[in-house]
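One letter stands for each residue in the lines below.
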Amino acid sequence: MTATPPDLDAPQLASPDLLRSVFRRHAAGVAVITAAGEGGPVGFTATSLSSVSAEPPLLSFGVGTGASSWPAISRAGHVGVHILGEHQQALAATFARSGADRFGAPTGWREGPEGVPVLDGVLAWLVCRVVARVPAGDHRIVLAEVVLGDPEGAGRPLLYHQGRFTALRD
């Protein structure tokens, strides 16, 4: 079977729209990043979560410098990383929406180790020590070392694809 070659006659020049269009086709797992802020807990939905290193256990995620949670993330010594299940589309949408009361009802959470907000009912969560914030255009790539966590939540992962939250298909 021969793959259809890409259409090289109509390439688009690099632009924010081109990048967004291409990455809408890339299915990504959905996570919520949390931190303790001066005015209370902060958090945001992230699809940029990536494993970086097993030894030491490091991960990364991107956060926009214009995001409401960036000031707290920029100062936080520790962050919470939560892997969402397919049953948590509403939670993902709440943490993605600007101006939302992300930690008000019905969001269930508790203060965890290092003062990090830990969300209830997630597939897995980690508390991580921030080791670097790397400038990357209008974002920062945060590198964090895993301190502890719980991988035992029940369910299947939530995905983000084509601009919406979705679930795995068998």
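Residues numbered from 1 in each chain as written. Predicted model: local features only at pLDDT ≥ 70, side-chain atom pairs only at ≥ 80, totals over all residues. Heavy atoms only, no water.

A. Representation of a nonpolar patch on the surface. Together, L19, V22 and F23 line one region of the surface with nonpolar side chains, adding up to about 300 Å² of accessible area. Residue V22 is classed as partly exposed on the basis of its relative accessible area of 47%. (Patch = residues over 30% accessible without salt bridge, like charges linked within 9 Å, V, L, I, M, F, W, Y side chains within 5 Å. Areas by Shrake-Rupley, 256 points an atom, 1.4 Å probe, with all protein chains shown as cover. Salt bridge = Lys/Arg side-chain N within 4 Å of Asp/Glu carboxyl O. Buried < 20%, exposed > 50% of the residue type's maximum accessible area, 1.4 Å probe, protein only.)

B. Region of the structure containing the pattern of salt bridges. Here the structure, examined in full by the defined rule, presents 5 salt bridges. Residue R20 pairs with D17 through a salt bridge whose shortest N-O separation is 3.2 Å. Of this pair, R20 and D17 both sit in helix 1 (residues 16-24), separated by 3 residues, roughly a single helical turn. Overall, R20 belongs to the partly exposed group, its relative accessible area being 46%. The class for D17 is exposed, based on a relative accessible area of 55%. (Helix = DSSP H or I, 4+ residues; strand = E, 2+ residues; numbered from the N terminus.)

C. The arrangement of the packing of aromatic side chains in detail. For the structure shown, the criterion picks out 4 aromatic pairs. An angle of 85 degrees between the planes, with centres 5.2 Å apart, marks the rings of F95 and F103 as edge-to-face. Using a relative accessible area of 1% as the deciding quantity, one classes F95 as buried. Here the aromatic rings of F103 and W109 are separated by 5.2 Å at their centres, their planes lie at 75 degrees, and the arrangement is edge-to-face. With relative accessibility at 32%, the residue W109 sits in the partly exposed group. A network of ring pairs unites the aromatic residues F95, F103 and W109 as a single cluster. (Phe/Tyr/Trp six-rings, centres within 6.5 Å; stacked < 30°, edge-to-face > 60°.)

D. Representation of the sheet that holds strand 12 (residues 164-167) in the model. Read from one edge of the open sheet, 3 strands run 1-11-12, paired in antiparallel fashion. The open sheet is flanked by strand 1 (28-29) and strand 12, the only strands paired with a single partner. Here strand 1 pairs with strand 11 (residues 158-161) via 2 bridges, running antiparallel. Counterpart to G29 in the pairing with strand 11 is L159. This element, helix 3 (residues 89-96), spans strand 11 and strand 12 of the sheet and lies at about 155 degrees to strand 12. (Pairing = 2+ DSSP bridges. Contact = heavy atoms within 4.5 Å. Axes fitted to C-alpha atoms, helices over the stretch in contact; angles between N-to-C directions.)

E. Structural detail: the layout of surface pockets. Of the pockets and cavities examined, the largest pocket occupies roughly 1,200 Å³. Taken together, 35 residues form the lining of the largest pocket, with T45, T47, S48, G62 and H139 sitting closest to its centre. Only helix 1, strand 1, strand 3 (40-46), strand 5 (58-64), helix 3, strand 10 (139-150) and strand 11 provide two or more residues apiece to the lining of the largest pocket. In terms of residue class, the lining of the largest pocket is built from 15 nonpolar, 16 polar and 4 charged. Every residue along the wall of the second largest pocket is listed here: H87, Q88, A90, L91, T94, P106, T107, G108, D120 and G121. Across the lining of the second largest pocket, the residue classes tally to 3 nonpolar, 6 polar and 1 charged. (1 Å grid on protein atoms, 1.4 Å probe; cavity = no way out; pocket = protein on both sides within 12 Å on 5 of 7 lines; lining within 4 Å. Points joined across faces, edges and corners; volume = space filled by probe spheres on them. Nonpolar A, V, L, I, M, F, W, Y, C, P; charged D, E, K, R; others polar.)

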